[in-house]
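What follows is the residue order along each chain.
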Amino acid sequence: MNKTLSIILYEPEIPPNTGNIIRLCANSGAKLHLIEPLGFNLEEKALRRAGLDYAEWADMNVWPNLEACLAAISPNKIYAMTTKGSRNFFEAKFEENDALIFGPETRGLPEDFIFSLPGEQRLRLPMVENAGRSLNLSNSVAIAVYETWRQFEFQ
């Protein structure tokens, strides 16, 4: 992905999800940022099995907190991916140096962060009514990365 897209995982908890996302970012060119505390050790077998063997090809950083990450990458726009989103993800038009932030699997992003963003930057993936709470994290990131990359014409 020549145009820059940052994927931020805020306090991820499940090693195979993060491993799959590492692999996805390595194969799509998206930049991956992990915000501590992580719910696992980066050396865990489940993480390595799912994707850490791709870590050498992934542009990945670990940050002590969200503020340090955002200060370093200075995104054009930050989009919160959340079931509390007020805008359908597929209505957004992404630009170079945008960032998509995803919350931890068991609790999502903190509400104060979500609602600090303008409504048009709080995105949700469509789901049928009463189907479940949310999609799997690595599936959600994959949908988001490929749609963004499609909008960038796979450059």
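Computed from a prediction, not measured in an experiment: that's the story for all the values here. (Residues numbered from 1 in each chain as written. Predicted model: local features only at pLDDT ≥ 70, side-chain atom pairs only at ≥ 80, totals over all residues. Heavy atoms only, no water.)

For the rest of this paragraph, the subject is the overall build of the chain. On a plain count of helices and strands, the chain comes out with 5 helices and 7 strands. Computed over its C-alpha atoms, the radius of gyration of the chain comes to 14 Å, within 12% of the 15 Å expected for a compact globule of 155 residues. On the principal axes, the C-alpha backbone points of the chain span a range of 35 × 35 × 30 Å. Counting over 155 residues, the chain shows a buried share of 48%. Carbon and sulfur atoms make up 46% of the accessible area of the chain, which totals about 7,900 Å². (Helix = DSSP H or I, 4+ residues; strand = E, 2+ residues; numbered from the N terminus. Rg over C-alpha atoms; globule rule 2.2 N^0.38 Å. Buried < 20%, exposed > 50% of the residue type's maximum accessible area, 1.4 Å probe, protein only. Areas by Shrake-Rupley, 256 points an atom, 1.4 Å probe, with all protein chains shown as cover.)

Attention now goes to the pattern of salt bridges. Taken as a whole, this structure holds 5 salt bridges when the rule is applied. Ionic pairing is found between Glu 111 and Lys 84, a salt bridge with its closest N-O pair at 3.9 Å. In this pair, Glu 111 is assigned in helix 4 (residues 111–114) and Lys 84 in the loop between strand 4 (78–81) and strand 5 (87–88), connecting sequence segments 27 residues apart. By relative accessible area, which is 36% here, Lys 84 ends up partly exposed. (Salt bridge = Lys/Arg side-chain N within 4 Å of Asp/Glu carboxyl O.)

Scanning the model with the defined rule gives 5 aromatic pairs in all. Ring centres of Phe 89 and Phe 90 lie 5.1 Å apart, and the angle between their planes is 85 degrees; on these two criteria the pair is classed as edge-to-face. Residue Phe 90 is classed as partly exposed on the basis of its relative accessible area of 37%. Each ring, one from Phe 89 and one from Phe 94, has its centre 5.3 Å from the other, and the planes form 35 degrees; the classification is tilted. The same class applies to Phe 89 and to Phe 94, which are both buried. Joined through ring pairs, the aromatic side chains of Tyr 79, Phe 89, Phe 90 and Phe 94 make up one cluster. (Phe/Tyr/Trp six-rings, centres within 6.5 Å; stacked < 30°, edge-to-face > 60°.)

Our next topic: the side chain of Ser 138. Along the chain, the position of Ser 138 falls in helix 5 (residues 137–151). What makes Ser 138 buried here is its relative accessible area of 10%. Polar contacts involving the side chain of Ser 138 include one to the side chain of Asn 17, which spans 3.5 Å. Contacts of Ser 138, omitting those with residues within four sequence positions, involve Asn 17, Asn 20 and Ile 21. (Polar contact = N/O pair within 3.5 Å; in protein donor to acceptor, adjacent residues only side chain to side chain. Contact = heavy atoms within 4.5 Å.)

Turning our eyes to something else, we now look at the sheet that holds strand 2 (residues 31–35). Pairing between the strands of a sheet comes from backbone hydrogen bonds, and it takes one of two forms, parallel or antiparallel. Ordered in space as 3-2-1-6-4-7-5, the 7 strands form an open sheet in which the pairing is parallel. Only two strands of the sheet have a single partner each, and these edge strands are strand 3 (59–63) and strand 5. Most of the contacts of helix 3 (residues 66–73) go to strand 1 (residues 5–10), to which it runs at about 175 degrees, and overall it touches strand 1, strand 2, strand 3, strand 4 and strand 6 (98–102). (Pairing = 2+ DSSP bridges. Axes fitted to C-alpha atoms, helices over the stretch in contact; angles between N-to-C directions.)

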